[in-house]
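Listed below are the residues making up each chain.
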Amino acid sequence: MKQWTTLAAISMTVACCAGCNGNDGKANAEVGKADYEQAITALIEPIGLISAYLPYLKQPDDKGEKYAPKRRYDQVKASFHAADEIRHATNATSQKFRRSKSKVLASLVPGLIKVTKLCATPDEMPAVEKCEAEVMAFAKLLEGLAKEAKAAGATKAFPMIGPDAVTETAKKKIAPYQQALGPGKLELIHWATLKDEKATTTDVISNCKAAHGEAEAVWKAFEKADPEVRKLAAIHMLAVKAQCSQAEITDGILMAVRTCAEIYSDDNKKKIEEGQEQECKLACANSKTRIGIGVPAAALAPLEKEYEELCLRDGTD
């Protein structure tokens, strides 16, 4: 995912409550090289895990993708889950650092507590955005300590929040979450089919059903997994199923419009029955609604033109 927030673009003052730990987030000036390097080692895994989940706090940017699925609840739920995982990481780390005799680690506790509070069980995207902002504030705090460590002669690099900090342990930890969220190989094919102008409606629907089957298999494989990850897999599976339903519904509307176009064609001399007239009015109404929502695939794009030709030609709409 390409949603990394540029650290340099964030202007935020990190103020840590003195009552929490008796300091302002900076280590004592007398702290030596060994203390900073101890802190560096202790931070590698927590920062790696935070960095792994951080990109998922943002929703995918699909503005340039005409046929990309509209904002889906599975993506929103994934952001909630990522925030809560960051909360778990910072909470466990702050408790561990509280017990440490290291002044460097103690100086990080107030910042970790702030992240823990703001990332706890969000239920709306604005809460996730506040979580992300606090994570980036903590990243600025780390930048300050990194300068102090270098000045003290530390030879190891201070862990900085970002893609380069993700460890192998963090990758293993996040893997089930990523698998539950998708997309899998068949879902990627489905997405490609949506914008393929040479694809048929049959291609769109069959590839979508294959992607749904793939997501369903993932969900079933997570029967004994973390309940929250299994729930995310279920929500994702249902999101893919909803895409298939929308494609099938739109295909049905398109077929109805084409049938009505034949009925109302100049070459058709048959008397139009009352029932057919009502069915065609319904087809026009459904087409108008569907076009307003957005046609879900390039293969179904002809609906717009055929709607205009049938429904706007003589006031049928």
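One structure accompanies this document, and this report is about it. (Residues numbered from 1 in each chain as written. Predicted model: local features only at pLDDT ≥ 70, side-chain atom pairs only at ≥ 80, totals over all residues. Heavy atoms only, no water.)

**What to know about the overall build of the chain**
To keep it simple, the criterion reads: We count a stretch as a helix when DSSP gives it H or I for four or more residues in a row; a strand needs E for two or more, and each element gets its number in order from the N terminus. Only protein chains enter the accessibility calculation, which uses a 1.4 Å probe. A residue is then buried if its area is under 20% of the maximum for its type, exposed if over 50%, and partly exposed in between. The criterion used for residue contact is that any of the two residues' heavy atoms lie within 4.5 Å. Note that accessible areas follow from Shrake-Rupley with a 1.4 Å probe, and for residues the cover is restricted to the protein chains shown.
Along its length, the chain carries 11 helices and zero strands. Across the 317 residues that make up the chain, the buried fraction comes to 45%. Across the chain, the fraction of contacts at a sequence separation of at least 24, relative to all contacts at a separation of at least 6, is 76%. Carbon and sulfur atoms provide 53% of the accessible area of the chain, an area that totals close to 17200 Å².

**Side note on the pattern of salt bridges**
Condition: Take a side-chain nitrogen of Lys or Arg and a carboxyl oxygen of Asp or Glu: if they are within 4 Å of each other, that pair is a salt bridge.
Across all of its chains, the model carries seven salt bridges by this definition. With a closest N to O distance of 3.5 Å, lysine 140 and glutamate 143 form a salt bridge. Of this pair, lysine 140 and glutamate 143 are both found in helix α5 (residues 125-151), three residues apart, which corresponds to roughly one turn of the helix. Between glutamate 306 and arginine 258 there is a salt bridge, with the nearest N and O atoms lying 3.0 Å from each other. Of the two residues, glutamate 306 sits in helix α11 (residues 302-311) while arginine 258 sits in helix α9 (residues 227-263), which places them 48 residues apart along the sequence. The exposure class of arginine 258 is partly exposed, given its relative accessible area of 36%.

**Digging into the state of the cysteines**
Threshold: We call a pair of cysteine sulfur atoms a disulfide whenever their separation is within 2.5 Å.
One pass over the structure, following the stated rule, counts four disulfides. Here cysteine 208 connects covalently by a disulfide to cysteine 244, the sulfurs 2.2 Å from one another. Measuring the twist about the S-S bond at about -100 degrees, one finds the cysteine 208-cysteine 244 disulfide to be left-handed. Taken as a pair, cysteine 208 in helix α8 (residues 201-221) and cysteine 244 in helix α9 lie far apart in primary sequence, 36 residues in all. Since its relative accessible area comes to 6%, cysteine 244 is described here as buried.

**Notes on the nonpolar core**
Applied cut-off: Throughout this description, the term nonpolar core refers to a set of buried Ala, Val, Leu, Ile, Met, Phe, Trp, Tyr and Cys residues connected via side-chain atoms within 4.5 Å.
One finds Leu108, Val135, Phe158, Ile161 and Tyr177 to be the most contacted residues of the largest nonpolar core, which totals 55 residues. Among the secondary structure elements, those contributing two or more residues to this core are α2 (33-53), α3 (73-98), α4 (103-118), α5, α6 (168-181) and α9. For this core, the element with the highest residue contribution is α5, accounting for 11 residues. Those residues within four positions of tyrosine 177 in sequence are excluded, and the remaining contacts are Tyr53, Tyr56, Ala78, Ser79, His81, Ala82, Val229 and Leu232.

**So, α6**
We apply this condition: Here the expected span of a helix is defined as 1.5 Å times the quantity of residues minus one.
Taking 1.5 Å of rise per residue, 14 residues should cover 20 Å, and α6 covers 20 Å from first to last C-alpha, within 8% of that figure. Those residues of α6 not exposed but buried are Ala170, Ile174, Tyr177, Ala180 and Leu181. In this structure, the buried side of α6 is in contact with α2, α3, α8 and α9. Once α6 finishes, glycine 182 follows within two positions and takes phi at roughly 75 degrees, a positive value.

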